[in-house]
Amino acid sequence: MSYIEGKDIQKSYYDILGILPTADEITIKLAYREKLLSTHPDKNTSSISNYINNDEINSIKDAYKTLIDPTTRKLYDETLVKSIQRHGFNVTGEGLDNYDLNDFEVKEDNNSIIWYKDCPRCHAIRSISLTEDDLENQGTDDGMGGFDIIVQCSSCSLWIKVKYYEEDEENDNDQD
């Protein structure tokens with residue numbers, strides 16, 4: 001069962017092998033062997049096995065080759081996270097993906113500052129934006145010296161949480 005139910009997304013290699021992303025090398029090897037045996041036409045005599053095709057077996061082999069090697073597994077995991085985010089799924093488990101205001105592009109215009117970011121899901125250019133007024137009036141204290149604000153993409157339904165910190169005006173004035 002995929003953790004991305006109901007979307008037109010390919011199964012992850014973890015789903016193909018029926019393992020968790022935290023699986024160790026032994027678990028990966030056992031799952032690979034079990035999956036290959038369960039899809040092998042000589043080992044599985046049910047009528048369903050007649051419909052198993054080479055694509056499924058190749059997917060099992062690709063999953064194993066990728067996940068068993070620590071380097072390719074790390075690259076795959078990074079790509080998987082980005083793919084999941086593009087489809088609008090949260091990867092932190094808290095409901096919203098977290099970003100830092102430093103991840104945004106800054107534009108100063110007519111004594112105002114606007115922070116822009118391209119949407120990680122729909123890729124709309126500068127579709128997530130914040131103004132100084134947004135930060136001053138809508139941000140909430142996180143209790144650890146910073147602030148959080150939740151903002152939506154103007155092109156799709158994605159909401160993100162943005163972390164930011166107040167500038168220390170005393171230090172700014174001391175440097176002048």
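Cut-offs used in this document
Residues numbered from 1 in each chain as written. Predicted model: local features only at pLDDT ≥ 70, side-chain atom pairs only at ≥ 80, totals over all residues. Heavy atoms only, no water. pLDDT = per-residue confidence, 0-100. Helix = DSSP H or I, 4+ residues; strand = E, 2+ residues; numbered from the N terminus. Contact = heavy atoms within 4.5 Å. Pairing = 2+ DSSP bridges. Axes fitted to C-alpha atoms, helices over the stretch in contact; angles between N-to-C directions. Salt bridge = Lys/Arg side-chain N within 4 Å of Asp/Glu carboxyl O. Buried < 20%, exposed > 50% of the residue type's maximum accessible area, 1.4 Å probe, protein only.

What follows is about the confidence of the model for the protein. Confidence in the prediction for the protein averages 80 pLDDT; 75% of positions are at 70 or higher. Mean pLDDT across the elements of the protein bottoms out in helix 6 (residues 169-174) (47) and peaks in strand 4 (residues 128-131) (94). Counting interchain partners and residues more than four positions distant, the pLDDT-below-50 stretch residues 1-8 has 10 contacts. Segment residues 170-176: pLDDT under 50, and one contact once partners within four positions in sequence are set aside and those in other chains are kept.

This paragraph deals with the sheet that holds strand 3 (residues 112-117). The antiparallel open sheet is built from three strands, whose spatial order is 2-3-4. The sheet is open, and its two borders are formed by strand 2 (105-109) and strand 4, each paired with just one other strand. Geometrically, the sheet is characterised by an average inter-axis angle of 25 degrees between neighbouring strands, direction not taken into account. Two strands pair when backbone bridges link them, and strand 2 and strand 3 are joined in this way by five bridges, in the antiparallel orientation. Among the inter-strand pairings, Glu-108 is bridged to a residue of strand 3, identified as Ile-113.

Overall, mixed pairing links the four strands, which are arranged 1-7-6-5 in an open sheet. Taken across any chain shown, the strands that pair with only one partner, and hence form the sheet edges, are strand 1 (97-100) and strand 5 (140-141). In the sheet, strand 5 pairs with strand 6 (residues 147-152) via two bridges, with the strands oriented antiparallel. Paired with Asp-141 across the strands is Phe-147, a residue of strand 6.

The next point concerns the pattern of salt bridges. If you walk through the whole model with that rule in mind, you get five salt bridges. Note that Lys-163 is salt-bridged to Asp-142, the shortest N-O span being 2.3 Å. With Lys-163 in strand 7 (residues 159-164) and Asp-142 in the loop between strand 5 and strand 6, this pair connects stretches of sequence that are 21 residues apart. Side by side, Lys-163 and Asp-142 carry an identical accessibility label, which is buried. Among the ionic pairs, Lys-163 bridges to Asp-148, the shortest N-O distance being 3.0 Å.

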